[in-house]
Amino acid sequence: MDPPTSWDSLRKQARRLEAQLDDQMHLYRKLVSKNVGNGNENDLEAEIDQLLKQLQLVNSQMQAWVSSGGSEIFSHTLTRHQEILHDLNQEFMRLRSSLRANKEHASLLEDFREFDRARLDLEEGGSYEQASLLKERAAISRGTGQSKPLNMSVNSQSDIKQNRGSTTLNTLEGKHGWTSRRVREAF
């Protein structure tokens, strides 16, 4: 793409790119609203990304034109084109993240459906091995979950016994200094 030298040609090129971006963004919005990821979105995203880069380049060329002594009208026009570019970038990022979230949501739902189908197959007479493996997995999961409170309970009881023992020794030491030394030596 040869860089246009006149302000009018830069402005026309910016308008043409903005119109193309509007058309592509309209298609992308439809794609996102339908929640369909059929593979075409990557091509569309790449095309939109390329158009945004081209518009950024044209805006940079317009900025150079204004910086080299363009009038206030040129500056106002450039500002408007920069705002349009910013808005298009923001909308594209928002739509892209929305499409990614929709795809992830659909994937999670499909995983759940597959799990549900497998469970139904087992209930309707699936293989004995699969059923026993699922039961074993559930038992392990339940066992692991129950062992944590048990470990905490055992630790708490041993802490209490240690505290009771040290309190008893401290009491004995206070009343009978020589007795507590003998008790400690015995342990």
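Keep in mind the model is a prediction, meaning the values are calculated, not measured. (Residues numbered from 1 in each chain as written. Predicted model: local features only at pLDDT ≥ 70, side-chain atom pairs only at ≥ 80, totals over all residues. Heavy atoms only, no water.)

1. Here we look at the overall build of the protein
Counting its regular elements, the protein contains 5 helices and 0 strands. Listing every helix and strand of the protein by position from the N terminus yields α-α-α-α-α. Summarising the internal contacts of the protein: among those between residues at least 6 apart in sequence, 68% fall at separations of at least 24. Element-wise, carbon and sulfur atoms account for 53% of the exposed surface of the protein, whose accessible area totals about 13,800 Å². (Helix = DSSP H or I, 4+ residues; strand = E, 2+ residues; numbered from the N terminus. Contact = heavy atoms within 4.5 Å. Areas by Shrake-Rupley, 256 points an atom, 1.4 Å probe, with all protein chains shown as cover.)

2. Structural notes on the environment of Met62
For Met62, the position within the fold is in helix 2 (residues 40–67). For the pair Met62 and Ala14, spaced 48 residues apart in sequence, the C-alpha to C-alpha distance is 9.3 Å. In this view, Met62 contacts Trp7, Leu10, Arg11, Ala14, Thr77, Leu78 and His81; residues no more than four positions away in its chain are not counted.

3. With respect to helix 1 (residues 7–33)
The terminal C-alpha atoms of helix 1 lie 38 Å apart, and with 27 residues this matches the ideal 39 Å at 1.5 Å per residue to within 8%. Taken together, the buried positions of helix 1 are Trp7, Leu10, Gln13, Ala14, Leu17, Glu18, Leu21, Gln24, Met25, Tyr28, Leu31 and Val32. (Expected span 1.5 Å × (residues − 1). Buried < 20%, exposed > 50% of the residue type's maximum accessible area, 1.4 Å probe, protein only.)

4. Some thoughts on the packing of aromatic side chains
One pass over the full model with this rule turns up 2 aromatic pairs. When the centroid spacing of 5.5 Å and the interplanar angle of 50 degrees are considered together, the rings of Tyr28 and Phe92 count as tilted. Within this pair, whereas Tyr28 is found in helix 1, its partner Phe92 is found in helix 3 (residues 72–123), the two being separated by 64 residues in sequence. You can call Tyr28 buried: its relative accessible area is 0%. The buried category is assigned to Phe92, whose relative accessible area is 0%. (Phe/Tyr/Trp six-rings, centres within 6.5 Å; stacked < 30°, edge-to-face > 60°.)

5. Some remarks on the packing of helix 1 against helix 2
Where helix 1 contacts helix 2, the two axes come as close as 9 Å, and the packing angle between them is 155 degrees. Classified by the angle between their axes, helix 1 and helix 2 sit roughly antiparallel to one another. In this structure, helix 1 crosses over helix 2, and the sense of that crossing is left-handed. Residue composition of the contact of helix 1 with helix 2, grouped by class: 18 nonpolar, 5 polar and 5 charged. (Axes fitted to C-alpha atoms, helices over the stretch in contact; angles between N-to-C directions. Parallel < 35°, antiparallel > 145°, perpendicular 65-115°, else oblique. Left-handed = near helix turned anticlockwise from the far one by under 90°. Nonpolar A, V, L, I, M, F, W, Y, C, P; charged D, E, K, R; others polar.)

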